[in-house]
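Structural description and commentary
Residues per chain are reported as follows:
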Amino acid sequence: MNIVSIEHISKYFSVNDTQALSDMSLEITKGEIHAVVGENGAGKSTLMKIIHGVEKCDSGNIKINGKTGMVSQHFRLIESLNILENIIIGMEPIKKKFIVDKKKAFEQINEILVFYGFSLNLNTKIKDLSIGQKQLVEIIKVIYNDSDILIFDEPTAALSELEAEKFRKTLLSLKEKEKTIIIISHKIKDISAISDRFTIMRKGRYIETVTTKSVDISDISRHMSGTEIVNPTIDRSIKPGKELFSFIYNNEKITLHESEIIGITGYGDCGLHELEDTLEELSLNNKNIGYVPSDRLSRGVELNSALKETLVAKNPREFSKYGLLNWRKIDTFSKKLITEYNIKGTINCQTGTLSGGNLQKSVIARVLYQKPETYILCSPTWGIDIESANNIYHEIESLKKQKKGILLLSYDAEEVIKMSNRVYILYKGRIISTIKDMSVATPELIGKYSSGIINE
Amino acid sequence: MNNILKKPALLIVILTIVPTVILVFILSKDPIYSLYVFFTGPFSNKFNFGNMLNRTSPLILTSLGAFIALKSNSFNLGGEGQVYLGATVTGLILTNTAFIPSSLSLLLTIVIVLLTTGFVTFVSSILEEKYNVNSLISTYLISMILIYICDYFVTNLFLLENSNILTTKPIPEIFELKSLLPPSSLSSGFIIAVTIVIMFSFLLKNTVWGYEFTISGRNNAFSKSMGINNKKYKILGLTISGALHGLAGYILVTGSYHSVISGFYMNLGWNGLSSALVAGSRPIMILISSLFFSYLDSGASSATVLSDVTIELSTIIKSVIFFVISSKLIKDSLIKKGNKT
Amino acid sequence: MNFFEIITPFLLASIGGLYTEYSGTTNVALEGYITISAFIFITITKLTNSILLGFCLTIGIILIISFIHSSLTIKLKANPIITGLAVNMGFYGLISALSYKIFKTKGVISLDYPNIETMPIKILAILLPFITLFIISKTRYGLRLRVRGLSKKSLIYSRINADYYRLTAMMISAILSGLGGIFLGMELRSFIPNIGSGRGWISLVIIYLGRKNPIGILIGCGIFSVAQIFSNYSQNHNVPSEFILALPYFLTLIALIISMRKKTINNR
Amino acid sequence: MKKIIIILGIFTLLPIYGKSSEEKTVKSIAIFIPGVTAGSPIYEELEEGVKLATQDLGVSVKTIEGGFNTAEWPEKVKEIAATGMYNLIVSSNPSMPEIANEISKEFPNQKFLILDGNLSGNPNIYTAEYKQYDQAYMAGYLAGLVTLSNMSGANIQKKVGLIIAYNYPVLDEVIIPGFKNGLKDVDPEITIDTRVVGNWWDATKASELTSIMIQEGSDVFLSISGGATQGVISKCQDSGKYIIHFDSNGYSKAPGTVVGSTIIRQKELTYKLVKMYLENTLPFGKAEVFSAKDGYIDFIQDDPLYQENVPEEIKSKMKTIVEKIKE
């Protein structure tokens, strides 16, 4: 029985003049876990919003037999409110006509917590939670809302491997409780491990729906990106050269050498963010450090400025004489970067109208142009489609060959393992462990360290 | 409804013209003539045209001032006090420096006006940086205090004797800005104002300083990450804003009134802020929005002189137009798109 | 008793403005609403000879006007500050035009009532911060209103009409500042052009002075009113009146700096 | 951008097709109101006076309001003069002679008739001034009598209140001295409590000030603060105190509370002067003064509300003093 059936819908956004969906169809059976995959900008999120009913389509038919609840890519939780308040928004139990019955809400949520085996202190403010816990709050919220169909937009992107594993288990248990689940993800594991079927989208169109069991993992990734996935092969035989840069983190000195990639990882609130802030500070005073921020939407680019303005932001003085900007020089330069790094956009377009992948390309293009010796890359592939991510990996690889040193800060343990010469794992604001021999590094080991377990 | 919403220009025409015409038809005995006078009055002769441009000069400066503050993420609600301060300082210096060469005292005046009014808003921005006092509040409160203090100077200490206008002594004639289009009151202050907007437009667009100022105002996190000193630009923005308001006061005294008249600043600050908000993101648009504002004002003035339209009607018309052009729908239609290659 | 007369319009308007702040926007037309409400109240009371009718119809008309104001602002995605300024300006013209049409005057319009009981409004004003505190922290409306200000998307994803909360907040602020205007009209038993005399603007400042919470605003209004009374009493000495008139603003600024400084230090 | 240019173009071209200014009538008069007419008795009477004088004579009369910003008046008057449509501009305000004098330099054919102002020597300007000292003196005399009386609202303290919008020359130099001397002639021990509202409209503030002044012993008030006066009236009404109305008959505004009205007869004077102008007998270049003696300043005694609410003793003393001034 189809719980969701979508026939030939289209959606056009006048704000940025995009045809987000055209003639899209999708059918979802009750009780299944259905993944939706495709590149960035394929229209997946828009489709989910339409299913959830927060966006209306221009044409086509939609039939949904149940209540939907959606957990979107960027959390909608309100930092200054506590967990309980966040969960009950929209479904507040009421006494005496208009007063929120917090006691009742407390009981109801606790019931859910017990039922699914979660544990959370409902009076904690959201800002004090780790990313994984926030995710959990979002999930509880949709369960609390009595939703039959749960929609997840890239739920594991921000999670550590251990948390992602936990999350997948949660989805399976939700499935057991007869919930229907739709999930958007770029992570192959999300699809291969839990989904029953997955649908591939490209450029707003339906491509095909595949039963997960019928294909193997490499097929899935090919299906997802449309191109063959190339696993980055970092040449670990290149020996690190002379010292480039060092800094002290919590009494421990970390030194970066030529042709070396140092990975730093950990879970949610392990201190990675604070470390990033410190490193950003260092990059400001040192021309030889290039910095790619994790929060690219606010720190990496300026959404309301023209793309060319974003591209020259780090070094406007290079394009000026006596303080006067030479716009012709800036235009030529920007055009060069756009072609060289294949950024889909014009130099005069508003930066905010670019897709996520193209935004990250712009950031990296700008940093690469500086030609620094040291690179600080923070979650460089977060929320980016496989093809773009692969390009970034290739770029890192070639940097290493050019004797550059790279600090890779990432919550993605696999990424860190794939790329690094050595890995530092943070836990509660300090380095809990260092892996020097990359042959023993596994996501599981890093996960263990990240949770504070070191003695085994 | 949705179709109309997609065509902002049409919507504006409908929402402004219709109520205007209705109002005129209700409140005027000869509505066609009233409307005609309202819209063509400012262009009907040299005198009216010159007055319209002269009305624009201080407005250009106050709206540029408000604009610069907005661009640096501050709100300057104290425009009126700053204009008054600039005017008072101008008046007091120019009426009391007969003993030094005129060119020197003119230069001195401009410098002191810029410094004092700039200092006032500088204090507000320091209060914001150091004590977390929102500049929106402090500029307003300080402006109210300034108005009373200036009033004390103008209507007590330096009041023109034997006059029944609450005004200071007129400034010596050599200090008056050159009249451009007699008998209208248009003075070379207009040229100063326009030059300054063009200058700022150029500075903001074509210099590293302007670039960093703009970026810093648009996005703090980004500019910080790019190594731009946000604090400096924020303080500078509000300071310049105050100085420009002071300059507006200077132009009003030397170009239009030739003395400091109590209460002359009425609405200058608010109109400046409005015109800046309407101008949106590009400084050069300030010229157009200020001209548009004074065109409406002058039209209203002509209408009150030549037809039976009252000041109130023109205020209502202005407010309607104002309301509608603030719509974001229009701005959205002007954004350059990335995927149109 | 003087204190309550002074504080009432400030409390009404600033607590009203607080609702729009909670909803994530600012209503800069508080001043306009004070003035036009006083005008409508006096006009209707004079025409119908009934205070009750004047009161009720004024509230009704303000509801309609503020509904148009806020829904147009939301629908047109207009800058709320500009539309607020426009509304202030429009009200000014409208009052003059209507006043002339109806009474052939643009000046004072007075009622023939010897006395109007304003006690209920004063009591309401003093209770208002506490009522607001209750609404904001305990009721569903309050919770959703706060959420509207903090994150519109959060409401949209819970499929709640987010615009409804901003709309109602704007209407509440209009009604409350309108009540302030009616209070001024009742106290004077007449309408005087510019009857608000900047009280709306000061109320906006007080919202920030009170750090956008009801009790803070109560204290802020208290500070400004005491400063006002102090300035009223200290006239008739040999200090120039200009300085005395500037005093309330000065004292408020000082209070603001001190209170904010404390906060900054505490946060460190 | 293109559209803007086109629109601007249309507007600049429009006047060519416009209506040319109408044929001049025999005579045409503009009334310039420095403020707004409606609600201000002085200006209303000015307008009435002009209209009365020009009735049935085919003279066109146009009233133009200048609004409250003093600084904008000169330009507005200039704009009127620049139309060349009006033979005479009539206005009323102490500040108008200076403004007219300035404009007269550029428009030497424009004639001005200005009341409530004083300037002589300009052949285009005639001014008529009221001897407001008399007016203030009468108000002061009455205030003194009331505060000393045993009227129900009067207290033992010899203190009267004066509320003003702010200080300005005529007020400081003519009105306040007149008021003071009036008081002094009743009893030199009477003191004045003067407070400033800061503008012409904040009636609430005026009411707050009044209430403090009442606490501190004032029992009769004179208010020269425009619309803000309403605040003084209502507070006096609430507290059973008294107010003397200035410039127009205000007894009916608060019966029993308004115990006196000193007036200027603006309508009558305007009528007389405009008539003279139409008969070409107005002596331009002169500045004349009109006082209680001419009857253009007066204290209203025949109003029933005055008769009813004021004790006989005060009424008779007032009658004597008014007659003395008129001599």
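Values in this document were obtained by computation on a predicted structure and should not be read as measured data. (Residues numbered from 1 in each chain as written. Chains lettered and ligands numbered in written order. Predicted model: local features only at pLDDT ≥ 70, side-chain atom pairs only at ≥ 80, totals over all residues. Heavy atoms only, no water.)

A tally of regular secondary structure across chain A gives 15 helices and 21 strands. For 456 residues, the compact-globule formula gives about 23 Å, and the C-alpha radius of gyration of chain A, at 23 Å, lands near that figure. Counting only residues that meet the buried cut, chain A has 57% of its 456 residues in that class. By sequence separation, contacts in chain A at least 24 residues apart represent 68% of the contacts at least 6 residues apart. Accessible surface, chain A as shown: approximately 19,500 Å² in total, 49% of it carbon and sulfur. On chain A, the mean spot of the 61 positive side-chain charges and the mean spot of the 59 negative ones are 3 Å from each other. (Helix = DSSP H or I, 4+ residues; strand = E, 2+ residues; numbered from the N terminus. Rg over C-alpha atoms; globule rule 2.2 N^0.38 Å. Buried < 20%, exposed > 50% of the residue type's maximum accessible area, 1.4 Å probe, protein only. Contact = heavy atoms within 4.5 Å. Areas by Shrake-Rupley, 256 points an atom, 1.4 Å probe, with all protein chains shown as cover. Lys, Arg positive; Asp, Glu negative; His and termini not counted. Charge placed at Lys NZ, Arg CZ, Asp CG, Glu CD.)

Moving on, we get to the sheet that holds strand β18 (residues 374–378) of chain A. Picture the strands of a sheet paired through backbone hydrogen bonds; they go either parallel or antiparallel. Residues and elements named next belong to chain A. With mixed pairing, 6 strands are arranged side by side in an open sheet as β15-β18-β19-β14-β20-β21. Each of the sheet's edge strands pairs with one partner strand only, and the pair in question is β15 (289–292) and β21 (430–435). Strand after strand, the sheet turns through a mean of 20° between neighbouring axes, direction not considered. Strand direction decides the pairing type here: strand β14 (residues 260–266) and strand β19 (residues 405–409), joined by 5 bridges, are parallel. Paired with Gly-263 across the bridge in β19 is Leu-408. Across the face of the sheet, helix α15 (residues 443–450) comes into contact with β14, β20 (422–427) and β21 while running at roughly 35° to β20. (Pairing = 2+ DSSP bridges. Axes fitted to C-alpha atoms, helices over the stretch in contact; angles between N-to-C directions.)

Quick look at the pattern of salt bridges now. Across all of its chains, the model carries 38 salt bridges over all chains by this definition. Of the charged contacts in the structure, one is a salt bridge between Lys-158 of chain D and Asp-187 of chain D, with a shortest N-O distance of 2.9 Å. A residue pair is termed long-range when its members are at least 10 positions apart, and Lys-158 of chain D in the loop between α5 (132–148) and β6 (159–164) and Asp-187 of chain D in the loop between α6 (169–186) and β7 (191–196) qualify at 29 residues. The class of Lys-158 of chain D is partly exposed, set by a relative accessible area of 31%. What makes Asp-187 of chain D buried here is its relative accessible area of 13%. Three or more residues joined by partner-sharing salt bridges are found here, namely Glu-276, Asp-277, Glu-280 and Arg-299 of chain A. (Salt bridge = Lys/Arg side-chain N within 4 Å of Asp/Glu carboxyl O.)

So, on to unusual backbone geometry. All names here are of chain A. A positive phi angle, near 50°, is found at Asn-250, a position not held by glycine. Positionally, Asn-250 belongs in the loop between β12 (243–249) and β13 (252–257). Positive phi is not limited to glycine here, since Lys-428 has a value of about 50°. Counting through the fold element by element, Lys-428 comes out in the loop between β20 and β21.

Turning next to the interface of chain C and chain A. The partner chain A presents 23 residues to the 19 residues of chain C that form the contact. Carbon and sulfur atoms make up 61% of the surface buried where chain C meets chain A, a total of about 1,800 Å² over both sides. When residues of chain C are sorted by the area they lose upon contact with chain A, Leu-143, Tyr-157 and Arg-159 of chain C head the list and together hold 37% of the total. Our count for the contact surface shared by chain C and chain A stands at 2 salt bridges. Between Glu-92 of chain A and Arg-144 of chain C there is a salt bridge; the shortest N-O distance is 2.7 Å. Applying the counting rule to chain C against chain A returns 4 residue pairs in polar contact (both at pLDDT 80 or more). At the level of secondary structure, the elements contributing two or more residues to the side of chain C that touches chain A comprise α5 (119–138), α6 (140–150) and α7 (152–157) of chain C. Here the element with the most residues in the side of chain C that touches chain A is α6 of chain C; it accounts for 6 residues. Residue composition of the side of chain C that touches chain A, grouped by class: 8 nonpolar, 5 polar and 6 charged. (Buried area = accessible area lost by both parts, 1.4 Å probe. Polar contact = N/O pair within 3.5 Å; in protein donor to acceptor, adjacent residues only side chain to side chain. Nonpolar A, V, L, I, M, F, W, Y, C, P; charged D, E, K, R; others polar.)

Turning our attention to the nonpolar core. Ranked by internal contacts, the top residues of the largest apolar core, which has 346 residues, are Phe-264 of chain B together with Met-318 of chain D. Once residues lying within four places of it in the same chain are set aside, the contact partners of Phe-264 of chain B are Val-83, Tyr-84, Ala-87, Leu-252 and Tyr-257 of chain B together with Asn-69 and Ala-71 of chain D. (Core = buried A, V, L, I, M, F, W, Y, C linked by side-chain atoms within 4.5 Å.)

Attention shifts here to the arrangement of the chains. Taking contact number as the criterion, the leading pair out of 5 pairs of chains in contact is chains B and C. Between chain A and chain D there is no contact; the minimum C-alpha to C-alpha separation amounts to 19 Å.

Residues and elements named next belong to chain C. Here helix α2 (residues 30–48) is 19 residues long and its end C-alpha atoms lie 27 Å apart, about the 27 Å a rise of 1.5 Å per residue gives. Of all 19 residues in α2, 16 are buried, a share of seventy percent or more. Taken from the residues just after α2, Asn-49 is the one with a positive phi, measuring 65°. (Expected span 1.5 Å × (residues − 1).)

Below, the discussion takes up the interface of chain C and chain B. On the side of chain B, 43 residues touch chain C, which itself brings 43 residues to the contact. Across the chain C/chain B interface, buried area totals approximately 4,000 Å², and carbon plus sulfur atoms make up 81% of it. On the surface where chain C and chain B come into contact, there are 0 salt bridges. For the pair chain C and chain B, the number of links is 1 residue pair in polar contact (both at pLDDT 80 or more). Those elements that place two or more of their residues in the side of chain C that touches chain B are α3 (51–75), α4 (80–103), α9 (199–209) and α11 (241–267) of chain C. Considered class by class, the residues forming the side of chain C that touches chain B number 27 nonpolar, 10 polar and 6 charged.

Another point: the confidence of the model for chain B. Interpretation of the predicted coordinates at a detailed level should be avoided for regions scoring low in pLDDT. Residues and elements named next belong to chain B. Averaged over every residue, the pLDDT of chain B is 83; residues scoring 70 or more account for 91%. In this model, residues 336–341 is a region of pLDDT below 50 whose contacts with residues beyond four sequence positions or in other chains number 25 contacts. Scoring the predicted complex yields pTM 0.84 and, for the interface, ipTM 0.81. (pLDDT = per-residue confidence, 0-100.)

Turning our eyes to something else, we now look at the sheet that holds strand β2 (residues 18–29) of chain A. All names here are of chain A. Taking strand neighbours across the sheet as the criterion, the 3 strands line up as β2-β1-β4 in an open arrangement whose pairing is antiparallel. The open sheet is flanked by β2 and β4 (59–64), the only strands paired with a single partner. This sheet shows a mean twist of 15° between the axes of neighbouring strands, independent of strand direction. Note that strand β1 (residues 2–13) and β2 share 8 bridges and pair antiparallel. Residue pairing across strands places Val-4 opposite Ile-28, the latter belonging to β2. Sitting on the sheet, helix α1 (residues 44–52) touches β1, β2 and β4, and the angle it makes with β1 is about 120°.

Residue and element names in this part refer to chain A. Relative to the helices and strands, His-34 is located in strand β3 (residues 33–37). A polar contact of 2.5 Å, which involves the side chain of His-34, links it to the side chain of Thr-199. Ignoring sequence-local partners within four residues, the contact set of His-34 consists of Leu-26, Glu-27, Ile-28, Ile-181, Ile-182, Ile-183, Arg-197, Phe-198, Thr-199 and Thr-209.

Residues and elements named next belong to chain D. As paired elements, β6 and β7 share 6 bridges and run parallel to each other. Opposite Gly-161, over in β7, you have Asp-193 as the bridge partner. The parallel pair β6 and β7, bridged by α6, forms a crossover whose chirality is right-handed. (Right-handed = clockwise from strand over helix to strand, strands pointing away.)

The next point concerns the packing of aromatic side chains. Taken as a whole and judged by the stated rule, the model has 34 aromatic pairs over all chains. Their ring planes at 65° and their centres at 5.2 Å tell us that Phe-38 of chain B and Phe-39 of chain B sit as a pair that is edge-to-face. For Phe-38 of chain B, a relative accessible area of 4% corresponds to the buried category. Counting every residue linked through ring pairs, the aromatic cluster contains Tyr-84, Tyr-257, Phe-264 and Tyr-265 of chain B. The ring of Phe-284 of chain D carries the charged tip of Lys-111 of chain D above its face, separated from the ring centre by 5.2 Å. (Phe/Tyr/Trp six-rings, centres within 6.5 Å; stacked < 30°, edge-to-face > 60°. Lys NZ or Arg CZ within 6 Å of the ring centre and 35° of its normal.)

A word on the packing of helix α4 (residues 46–71) of chain B against helix α12 (residues 268–279) of chain B. All names here are of chain B. Orientation of α4 relative to α12, taken along the N-to-C sense of each, is 60°, at an axis distance of 7 Å. Between α4 and α12 lies a crossing of right-handed hand. Of α12, the residues touching α4 (which contributes Pro-58, Leu-59, Thr-62, Ser-63, Ala-66, Phe-67 and Leu-70) are Leu-268, Asn-271, Gly-272, Leu-273, Ser-275, Ala-276 and Leu-277. When the residues that make up the contact of α4 with α12 are grouped by side-chain class, the tally is 9 nonpolar, 5 polar and no charged. (Left-handed = near helix turned anticlockwise from the far one by under 90°.)

Let us now look at the domain arrangement of chain A. If you check the domain split of chain A, you get domain 1 (2–225) and domain 2 (243–288 + 372–450). Domain 1 of chain A and domain 2 of chain A are separated by 30 Å when their C-alpha centres are compared. (Domains from an automatic or database assignment.)

Here we take up the environment of Asn-280 of chain D. All names here are of chain D. Along the chain, the position of Asn-280 falls in the loop between α9 (266–278) and β11 (287–290). Residue classification places Asn-280 among the exposed residues on the basis of a relative accessible area of 63%. Here the alpha-carbon distance between Asn-280 and Pro-169, two residues 111 residues apart in the chain, equals 33 Å.

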